[in-house]
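Report on the structure
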Amino acid sequence: MTKLKMDVAKEFEQILKKYGRDVLFLRTDRKLYCECYNEVTQEASRECPVCLGLGWSYIAERQTVKSETSMAAVQLPNVLKGVSIGDIATAARKYFVLPSVQAKEKDLIVEVGWDDAGRPYYNNNGMWNITYVDKSQFLGDQEIFRICYVNEAVVRTKIRGIRIAEINGVKQYSILMEE
Ligand SMILES: [Zn+2]
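Residues numbered from 1 in each chain as written. Predicted model: local features only at pLDDT ≥ 70, side-chain atom pairs only at ≥ 80, totals over all residues.

1. Looking at the overall build of the protein chain
- Counting secondary structure elements, the protein chain contains three helices and 10 strands.
- Written out in order from the N terminus, the α and β elements of the protein chain read α-β-β-α-α-β-β-β-β-β-β-β-β.
- Of all 179 residues assigned to the protein chain, the portion counted as buried reaches 20%. (Helix = DSSP H or I, 4+ residues; strand = E, 2+ residues; numbered from the N terminus. Buried ≥ 20, exposed ≤ 12 C-beta atoms within 10 Å, placed from the backbone.)

And the structure:
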């Protein structure tokens, strides 16, 4: 029995690897101040080439997802518990992710392309606003995957750039947005 559970989780991982694509998950509570930002005066350097004078960026995580357009509310009995119908009815799309993905309401999913060197670039495929995270996809006591329901973000903000830094061999992405 235990083995079967493990296989299903692995299978989902394989499906993601084969059919998924990589996007950036942006935790909106992880605002990072730029080195040029002066906490006393609360000002950034206008000429800063790193943050373009914004003074901050958002840390983003690269994750593999599989997405599809949401089905009608009637086909989603699990998520109806504890969520208003309105939210689901307007959900534009859902993303399937690994259980390890720490995403919550109001976080953003940024659709990006990847160049030959593995660097992300914004391809105008939208920023998506997470409205609900379904964590009920269990088999026995093992979570197999999570579903993030999203709406297209009302984007008054514009992405100005995506930066990559490598810290101790771990790639970190930060996104510069106009506010
Ligand atoms: Zn700066």
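2. Focus: unusual backbone geometry
- Although it is not a glycine, glutamine 42 sits at a positive phi angle of roughly 55°.
- Along the polypeptide, glutamine 42 turns up in the loop between strand E1 (21-33) and strand E2 (56-69).
- By the C-beta count within 10 Å, which is 9 here, glutamine 42 ends up exposed.
- In the Ramachandran plot, lysine 106 falls in the positive-phi region, its phi being about 80° despite a non-glycine side chain.
- For lysine 106, the position within the fold is in the loop between strand E3 (93-97) and strand E4 (108-114).
- The exposed category is assigned to lysine 106, around which 12 C-beta atoms lie within 10 Å.

3. What to know about the pairing of E1
- Pairing of E1 with E2, which is carried by nine bridges, proceeds in the antiparallel orientation. What sits directly across from arginine 21, in E2, is valine 65.
- In the sheet, E1 pairs with E4 via three bridges, with the strands oriented antiparallel. Paired with leucine 26 across the strands is leucine 108, a residue of E4. (Pairing = 2+ DSSP bridges.)

4. Here we look at the pairing of strand E9 (residues 159-167)
- Sheet topology places E9 next to strand E10 (residues 170-177); eight bridges connect them, and they run antiparallel. Each bridged residue has a counterpart across the sheet, and for arginine 163 the counterpart in E10 is serine 174.
- Between E9 and the antiparallel strand that follows it, E10, lie two residues; asparagine 168 among them carries a positive phi value of about 50°.

5. Description of the nonpolar core
- In this structure, Leu24, Leu26, Ala60, Ile109, Val110 and Cys148 are the most contacted members of the largest nonpolar core, which totals 25 residues.
- Going through the elements one at a time, E1, E2, E3, E4, strand E5 (120-134), strand E8 (146-152) and E10 are the ones with two or more residues in this core.
- Once residues within four sequence positions are removed from consideration, leucine 24 is found in contact with Ala60, Glu61, Arg62, Val110, Val112, Pro120, Tyr173 and Ile175. (Core = buried A, V, L, I, M, F, W, Y, C linked by C-beta atoms within 7 Å. Contact = placed C-beta atoms within 7 Å.)

6. Side note on the environment of tryptophan 56
- Secondary-structure assignment places tryptophan 56 in strand E2.
- Tryptophan 56 sits 22 residues away from cysteine 34 along the chain, and the two C-alpha atoms are 4.9 Å apart.
- Each residue touching tryptophan 56, except ones within four places of it in the same chain, is listed here: Lys31, Leu32, Tyr33, Cys34, Tyr37 and Cys51.

7. Quick look at the confidence of the model for the protein chain
- Scored by pLDDT, the protein chain comes out at a mean of 83, with 82% of its residues at no less than 70.
- Taken as a whole, residues 71-80 scores under 50 in pLDDT and shows 10 contacts with residues more than four places along the chain or in a different chain. (pLDDT = per-residue confidence, 0-100.)

8. Some remarks on the environment of lysine 31
- Counting through the fold element by element, lysine 31 comes out in strand E1.
- Among the residues examined, lysine 31 registers 12 C-beta atoms within 10 Å and is labelled exposed.
- Taking C-alpha positions, lysine 31 is 6.7 Å from tryptophan 56, a pair spaced 25 residues apart along the chain.
- What lysine 31 contacts, discounting residues up to four positions off in sequence, is Trp56 and Tyr58.

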